[in-house]
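The lines below spell out each chain.
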Amino acid sequence: MHDMDHRLLSALRDCGSDARVAAAARALSWTGEHAALWIAAGLTGAAADRERRRAWLRATALTAAAHLASMGLKRVVRRPRPGGELGVEPLVRTAGHHSFPSSHATSAAAATVAYGALSPVGARVVAPLAAAMCVSRMIVGVHYPSDVAAGAALGALTARVGAAWMNGGPRR
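Summary of the structure given here. Quick caveat, the model's predicted, so the values are computed rather than measured. (Residues numbered from 1 in each chain as written. Predicted model: local features only at pLDDT ≥ 70, side-chain atom pairs only at ≥ 80, totals over all residues. Heavy atoms only, no water.)

## Notes on the pattern of salt bridges
A full pass over the atoms with the stated rule returns four salt bridges. Of the charged contacts in the structure, one is a salt bridge between Arg20 and Asp18, with a shortest N-O distance of 3.1 Å. For Asp18, a relative accessible area of 27% gives the class partly exposed. Ionic pairing is found between Asp49 and Arg52, a salt bridge with its closest N-O pair at 2.8 Å. Classification of Arg52 as partly exposed rests on a relative accessible area of 35%. (Salt bridge = Lys/Arg side-chain N within 4 Å of Asp/Glu carboxyl O. Buried < 20%, exposed > 50% of the residue type's maximum accessible area, 1.4 Å probe, protein only.)

## What about the environment of Ala127?
Among the secondary structure elements, Ala127 is positioned in helix α6 (residues 120-139). For the pair Ala127 and Ala111, spaced 16 residues apart in sequence, the C-alpha separation works out to 8.4 Å. Setting aside residues up to four positions removed in sequence, Ala127 forms contacts with Thr112 and Gly122. (Helix = DSSP H or I, 4+ residues; strand = E, 2+ residues; numbered from the N terminus. Contact = heavy atoms within 4.5 Å.)

## Some points on the packing of aromatic side chains
Here a ring pair, both rings aromatic, is described through the centre-centre distance and the interplanar angle of the planes. Counted under the stated rule, the structure contains one aromatic pair. Between the aromatic rings of Trp56 and Tyr115, the centroid separation amounts to 5.4 Å while the plane-to-plane angle is 40°, which identifies the pairing as tilted. Taken together, the residues span a long stretch of sequence, with Trp56 in helix α4 (residues 53-77) and Tyr115 in helix α5 (residues 103-118) at a distance of 59 residues. The class for Trp56 is buried, based on a relative accessible area of 7%. (Phe/Tyr/Trp six-rings, centres within 6.5 Å; stacked < 30°, edge-to-face > 60°.)

## Some details on the side chain of His67
Relative to the helices and strands, His67 is located in helix α4. By relative accessible area, His67 is classed as buried at 8%. What His67 contacts, discounting residues up to four positions off in sequence, is His34, Ala35, Ser103, Thr106 and Ser107.

## A closer look at the environment of His98
Counting through the fold element by element, His98 comes out in the loop between α4 and α5. Put simply, His98 and Ala47 are 51 residues apart on the chain and 35 Å apart in space, counted from C-alpha to C-alpha. When near neighbours in sequence (up to four residues on either side) are disregarded, His98 contacts Lys74, Arg78, Arg79 and Arg81.

## Let's talk about helix α1 (residues 2-15)
With 14 residues, α1 extends 21 Å from end C-alpha to end C-alpha; this agrees with the ideal 20 Å at 1.5 Å per step. Those residues of α1 lying buried are Asp5, His6, Leu9 and Arg13. Down the axis, α1 shows its buried residues gathered within 90° of arc, on one side only. Summarising the contacts, the buried residues of α1 are in contact with α6 and α7 (145-161). (Expected span 1.5 Å × (residues − 1). Arc of directions from axis to C-beta.)

The structure is reproduced here in structure tokens:
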């Protein structure tokens, strides 16, 4: 697993040598910091869809909760971010030194599951944007593929477990 993680990361990080790819990856990384893009999207959904405002707000809360869970898990696992083994510096600065799981991937996957359940537009727009966000974290060189996969699984699971609550049912 370690070897595959490093090979995939190196290949994706090489994509960042293209200035356009690097700029897009930096922009995605910046907008995804602290789940900002996904929280803004959920609040926009709540403002635009009055009939399901409460569900949108709960979906936004689930997305934020998934992000917080990943931050807590990082403090337990304490896996260092990719370093000099790639021979290149990361393209972005990070808020912390730990990489597992990727909080960007966690919040992106949570938003995909939660917002996708609320809106057909959410299902069509959020998923590809979330996938691009996940890949961007490897292109900028701050996460291993296993960090991103674990983060995405955590986010999807969090949103799925909270789906009944999001839709006004009992909390489980």
